[in-house]
Protein chains: 2
Amino acid sequence: MNIITYPERSTWNELLKRPVMNTDTLRDTVLEILNRVRTEGDRAVMEYEEKFDKVTLQSLAVSEQEFADAEKAVSIELKAAIMLAFNNIRTFHAAQKFEGKRVTTLPGVTCWQKAVAIEKVGLYVPGGTAPLFSTVLMLATPAQIAGCKEIILCTPPDRSGKIHPAILYAAKVAGVSRVFKAGGVQAIGAMAYGTSSIPKVYKIFGPGNQYVTAAKQQVSLRDVAIDMPAGPSEVAVLADETAQPAFVAADLLSQAEHGTDSQAILITTSEALLREVTGEVQRQLEQLPRKGIAEKSLANSKLILVRTMDEAVDMVNEYAPEHLIIETKDYQQTAERIVNAGSVFLGPYSPESAGDYASGTNHTLPTNGYAKAYSGVSLDSFIRKITFQEVTQEGIRMIGPAIEVLAANEYLDAHKNAVSVRLAFNPQNKL
Amino acid sequence: MNIITYPERSTWNELLKRPVMNTDTLRDTVLEILNRVRTEGDRAVMEYEEKFDKVTLQSLAVSEQEFADAEKAVSIELKAAIMLAFNNIRTFHAAQKFEGKRVTTLPGVTCWQKAVAIEKVGLYVPGGTAPLFSTVLMLATPAQIAGCKEIILCTPPDRSGKIHPAILYAAKVAGVSRVFKAGGVQAIGAMAYGTSSIPKVYKIFGPGNQYVTAAKQQVSLRDVAIDMPAGPSEVAVLADETAQPAFVAADLLSQAEHGTDSQAILITTSEALLREVTGEVQRQLEQLPRKGIAEKSLANSKLILVRTMDEAVDMVNEYAPEHLIIETKDYQQTAERIVNAGSVFLGPYSPESAGDYASGTNHTLPTNGYAKAYSGVSLDSFIRKITFQEVTQEGIRMIGPAIEVLAANEYLDAHKNAVSVRLAFNPQNKL
């Protein structure tokens, strides 16, 4: 861990820099895989599964029998925990339903927005060391609430061709329509273009490694929408002298165990806290099974001592963390001043793990400073708002003459004419 | 115009195809300009202005004097029309303000969303034949309502180094902070990276030619968010035998005059209407100053006769038009069944021009079928929703044990531990 004491503002930019992600070098590899999936469909997906996931698949779709087996394989304890998380996620996202207001901008001119679900969405859940059933819940639950008709999920199988039972169980609970055994670039390509097994979707969601990220970027240029750009996970903890060092240390470590490129930052006004946290981190680290990963990512982590809470808040807003934990005396007032963050955790009993799993908020959040321009996944991510307008004959008399002037000044006479023919129209005397 | 009678569903896909946009071939040119702007800043922007806009600039920023001159140069009539449009756009977008609800998912677990403006946004307004002051209003008005602190605008100057006065007037009215003389790829680069004159922004909005589109895509991969992918403008008119042929013809033509690649489609259940519209289009076309452009884009336009209104609605949803005009007897019921469109215009007195200029809705909308996954620009486009959660000691007792199970099953023990240290904590007896 790097300890930085009272850094000058002029150094913040450098201090808060993320590791540079450059997926340009992957472009050719990714384009080749995407192109083969587009032209050859299932056959290409299966070949890449063989090559990258070392598995020979007869069929990409998960069968009803596999779902039934998965349900049996998941422990009662885990099922109950999944249901608790699912219910909280559902409660919070259901409360985000949009009700558009009808607005009369001038007499006879009524405008409104209507929320409509994206009809077909594709969720990607990576493989690797952890079975990310929590991500299944975070993506499928709002999709189901939004009313998406087709919610498909792609995730790589293990070498025996199986999907982890907790992933299948969570998919069933959260309303996924169909699950397919496909990972990496080939899964993204299949959802972007469609194959005979895997339907084309309109928007792709979910995390992944740098290849998946590059593939999502590539297909988003023309074929399909994506949730947001991705980067390594990160947390900033904003704490004062009232914070519990053991809590702060545990929060930094829970970020550090994600991967060696994870970012964990403490910004504090208390030198004593900073010192105690350092000790606590070492003490807790010894107990962790993923100690190796956590140690590596801690090497990049920063404990930053600043002079005032104002400065601390400015630094947080400059950094724009994916996760922000505020453990200060007046954390509610401090929270009011946060303008750049993905998800904020307030007070001593709100660890990041709460939002990662079960408080009800979404854990798919903007990393890499993208919180300055992007929101995390929410119900909004699964809908579009279509605008409607109804102009009556009275209405067109109110706004028509202005439209004629505006259109004429933009040299768009047919635009003007579409109003003029209506203003001139006499229902008694057809044109 | 191409008349298609009773097409089979199996042919719809081909029938509704858009012209293919391929910006890949522009990639090297665009990357070179972006790269020079990133490394050389203002100097590169000025050089490209000289090369592409044939103008030698001393300064990129529009001066107070230029704003004052513009105000004098705009006619009273046009000012009044701009104010009417601005007021309606403001009324409709102000009604979109988001008020998050606090949701208690379980006792002691409270979650909410808070809308926060994107602090710095960049608006791009293209040059060319028409001074698009309407686009200035459509982008700056919601940015101002959202509370964006810095709203900058880039637009190419004419050969004398001037910006059209109506653009400067609209910018002033709608709350733009600063206007810069820069167009094309160099303007997008300047807003994405920042130069000594032009500040870096977090999100870029606005239309442009294929170079601007390619540049926006490129910078969106890493540096900055963008409003949405772009394509040629398009309208679908859905009409039955009750529609006025003169209105339908005027609506098709107002789309056709945009550019030679514009798409205008009529989908109707009435053969008589289709025939009459054909005649009306020819008659009105003769009157148009932009007849040449309109004629070329009409060559690609389609008048499609279908058997039933159900089929017509399905076809509209399959096409997912940027603009949809519904001129049918029961247009309100028909509108309820629309799930894929950018903006919908209801009834005989709602031409597309109304929404292009002054009804209050936004005219920056998803083209090219992107309406299946994207919304048009709205107040949402200028904010982020940050999620907050506060878990109390009671709350962590409610959800903590489930989080421990979930984290353990994802092999994330530090996540589990962040809960465990809190559950074990006794305030009387510090850890």
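Located above this text is the structure these notes cover.
Residues numbered from 1 in each chain as written. Chains lettered and ligands numbered in written order. Predicted model: local features only at pLDDT ≥ 70, side-chain atom pairs only at ≥ 80, totals over all residues. Heavy atoms only, no water.

Novice: Before we move on, can you summarise the packing of aromatic side chains with the specific residues and values?
Specialist: A complete count under the given rule lists 12 aromatic pairs over all chains for this structure. A centroid spacing of 5.1 Å and a plane angle of 75° characterise the contact between Phe247(A) and Phe425(B), whose relative ring orientation is edge-to-face. With Phe247(A) in helix H10 (residues 245-256) and Phe425(B) in the segment after helix H17 (413-423), the pair connects residues from two separate chains. Accessibility expressed as a relative area gives 9% for Phe425(B), which makes it buried. Seen from the ring of Tyr193(B), Arg38(B) lies directly overhead, with NZ or CZ sitting 4.9 Å from the centre. A cation over a ring is seen here: Lys385(B) above Phe98(B), with NZ or CZ 3.9 Å from the ring centre. (Phe/Tyr/Trp six-rings, centres within 6.5 Å; stacked < 30°, edge-to-face > 60°. Helix = DSSP H or I, 4+ residues; strand = E, 2+ residues; numbered from the N terminus. Buried < 20%, exposed > 50% of the residue type's maximum accessible area, 1.4 Å probe, protein only. Lys NZ or Arg CZ within 6 Å of the ring centre and 35° of its normal.)

Novice: So what about the relation of the copies chain B and chain A? Which residues, and what values?
Specialist: If you rotate chain B by 180° and push it 0.0 Å along the axis, it lands on chain A with an RMSD of 0.0 Å. Viewed as a symmetry operation, the transformation between the two copies matches a two-fold axis. With an isologous cut-off of 70% or more, the 98% of interface residues of chain B that recur at the interface of chain A puts this contact in the isologous class. (Least-squares fit on C-alpha atoms with pLDDT ≥ 70 in both. Contact = heavy atoms within 4.5 Å.)

Novice: With reference to specific residues and values, describe the pattern of salt bridges.
Specialist: Counting across every chain of the model gives 36 salt bridges over all chains. Across the salt bridge formed by Lys385(B) and Asp380(A), the nearest N and O atoms sit 2.7 Å from each other. With Lys385(B) in strand E14 (residues 383-391) and Asp380(A) in the loop between helix H15 (352-357) and strand E14 (383-391), this residue pair bridges two chains. Residue Arg18(B) pairs with Glu234(B) through a salt bridge whose shortest N-O separation is 2.7 Å. Taken as a pair, Arg18(B) in the loop between helix H1 (12-15) and helix H2 (27-40) and Glu234(B) in strand E9 (residues 234-239) lie far apart in primary sequence, 216 residues in all. The same class applies to Arg18(B) and to Glu234(B), which are both buried. One continuous salt-bridge network, built from bridges that share partners, spans Arg36(A), Glu40(A), Arg43(A) and Glu47(A). (Salt bridge = Lys/Arg side-chain N within 4 Å of Asp/Glu carboxyl O.)

Novice: Could you give an account of the packing of helix H2 (residues 27-40) of chain A against helix H8 (residues 184-193) of chain A, with specific residues and numbers?
Specialist: Residue and element names in this part refer to chain A. Following both chains from N to C, one finds H2 and H8 inclined at 45°, their axes separated by 9 Å at the closest point. In terms of axis orientation, H2 runs oblique to H8. As H2 runs across H8, the sense of the crossing is right-handed. Taken together, the residues of H8 that come into contact with H2 (itself represented by Val30, Ile33, Leu34, Val37 and Arg38) are Val185, Gln186, Gly189, Ala190 and Tyr193. Residues that form the contact of H2 with H8 fall into these classes: seven nonpolar, two polar and one charged. (Axes fitted to C-alpha atoms, helices over the stretch in contact; angles between N-to-C directions. Parallel < 35°, antiparallel > 145°, perpendicular 65-115°, else oblique. Left-handed = near helix turned anticlockwise from the far one by under 90°. Nonpolar A, V, L, I, M, F, W, Y, C, P; charged D, E, K, R; others polar.)

Novice: Can you tell me about the sheet that holds strand E10 (residues 263-268) of chain A, naming the residues and giving the values?
Specialist: Strand order in the open sheet made by the nine strands is E1(A)-E11(A)-E10(A)-E9(A)-E12(A)-E13(A)-E14(B)-E3(B)-E2(B), with mixed pairing throughout. Two strands close off the open sheet at either side, each with one partner strand: strand E1 (2-5) of chain A together with strand E2 (103-106) of chain B. This sheet shows a mean twist of 20° between the axes of neighbouring strands, independent of strand direction. Across four bridges, the pairing between E1(A) and strand E11 (residues 302-305) of chain A is parallel. Along E11(A), the bridge assignment pairs Ile3(A) with Leu303(A). (Pairing = 2+ DSSP bridges.)

Novice: Please set out the environment of Asn2(B) residue by residue, giving values where relevant.
Specialist: Residues and elements named next belong to chain B. For asparagine 2, the location among the structural elements is in strand E1 (residues 2-5). When its relative accessible area of 32% is taken as the criterion, asparagine 2 is described as partly exposed. For asparagine 2 and isoleucine 152, which are 150 residues apart along the polypeptide, the C-alpha to C-alpha distance reads 43 Å. Once you skip the residues sitting within four places of it in the chain, asparagine 2 turns out to touch Ala299, Asn300, Ser301, Lys302 and Leu303.

Novice: So, the sheet that holds strand E4 (residues 120-124) of chain B: which residues are in play, and what are the values?
Specialist: Reading across the sheet, the five strands line up as E6-E5-E4-E7-E8 (chain B) and stay open at both edges, with parallel pairing between neighbours. Edge positions in the sheet fall to strand E6 (178-181) and strand E8 (225-226) of chain B, since each has one partner strand and no second.

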